[in-house]
Amino acid sequence: MSDEEHHFESSDAGASKTYPQQAGNIRKGGYIVIKGRPCKVVEVSTSKTGKHGHAKCHFVAIDIFTSKKLEDIVPSSHNCDVPHVNRVDYQLIDISEDGFYVSLLTDNGSTKDDLKLPTDEALLTQLKSGFEEGKDIVVSVMSAMGEEQMCALKEVSPK
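Keep in mind that this is a model prediction, so the values were computed, not measured.

Peer 1: Hey, could you run me through a negative patch on the surface in this one?
Peer 2: A cluster of like negative charges, contributed by Asp-94, Glu-97, Asp-98 and Asp-113, occupies part of the molecular surface. Relative to the helices and strands, Asp-113 resides in strand β9 (residues 111-116). Given a relative accessible area of 45%, Asp-113 falls into the partly exposed group.

Pasting the structure below:
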């Protein structure tokens, strides 16, 4: 055995950010990773098997965080990466004075203070006006591949 020390990079708990799925099984409304970005598929078209044997799937998808349109063409028998997408609802407690972060209440009673305000203008104005009026607001946070972003909100009436 050698006397040299091995150095291993530390990582997360081993939960993968994506999982493989055959391209021919990915449907409209599903998720796919294109150019390293988690996307929601808006259109899928499959070409016929050609002279060299592979049917191709043409994906048109929208990035779930930036709303940019991305496209990819993959042989239908090959595997694509599909992101693990989670959507969690939190209650809004506070918007920070600097106007960049929100404070949210989780289901177990702890607070989550590391989430930035949404970049979507309509969602941002709805969030701020509802908060200033003192309404109870529940925000939906979508997370995939190590990123999190507010994607929707709803006002809840007090019980």
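Peer 1: What's the story with the side chain of Lys-112 in this structure? I'm lost.
Peer 2: Looking at the secondary structure, you find Lys-112 in strand β9. Apart from residues no more than four positions distant in its own chain, Lys-112 is found in contact with Tyr-90, Val-102, Ser-103, Leu-104, Thr-106 and Glu-148.

Peer 1: What's the story with the pattern of salt bridges in this structure? I'm lost.
Peer 2: Pairing is possible between side chains that carry opposite charge, provided their charged atoms lie close to one another. Tallying each qualifying case throughout the model produces 7 salt bridges. One salt bridge connects Glu-147 with Arg-37, and the closest N-O pair in it is separated by 2.6 Å. In this pair, Glu-147 is assigned in strand β11 (residues 147-156) and Arg-37 in strand β3 (residues 37-46), connecting sequence segments 110 residues apart. Several salt bridges converge on common partners, so that one network encompasses Arg-37, Asp-63 and Glu-147.

About the cut-offs
- Residues numbered from 1 in each chain as written.
- Predicted model: local features only at pLDDT ≥ 70, side-chain atom pairs only at ≥ 80, totals over all residues.
- Heavy atoms only, no water.
- Patch = residues over 30% accessible without salt bridge, like charges linked within 9 Å, V, L, I, M, F, W, Y side chains within 5 Å.
- Areas by Shrake-Rupley, 256 points an atom, 1.4 Å probe, with all protein chains shown as cover.
- Salt bridge = Lys/Arg side-chain N within 4 Å of Asp/Glu carboxyl O.
- Lys, Arg positive; Asp, Glu negative; His and termini not counted.
- Charge placed at Lys NZ, Arg CZ, Asp CG, Glu CD.
- Helix = DSSP H or I, 4+ residues; strand = E, 2+ residues; numbered from the N terminus.
- Buried < 20%, exposed > 50% of the residue type's maximum accessible area, 1.4 Å probe, protein only.
- Contact = heavy atoms within 4.5 Å.

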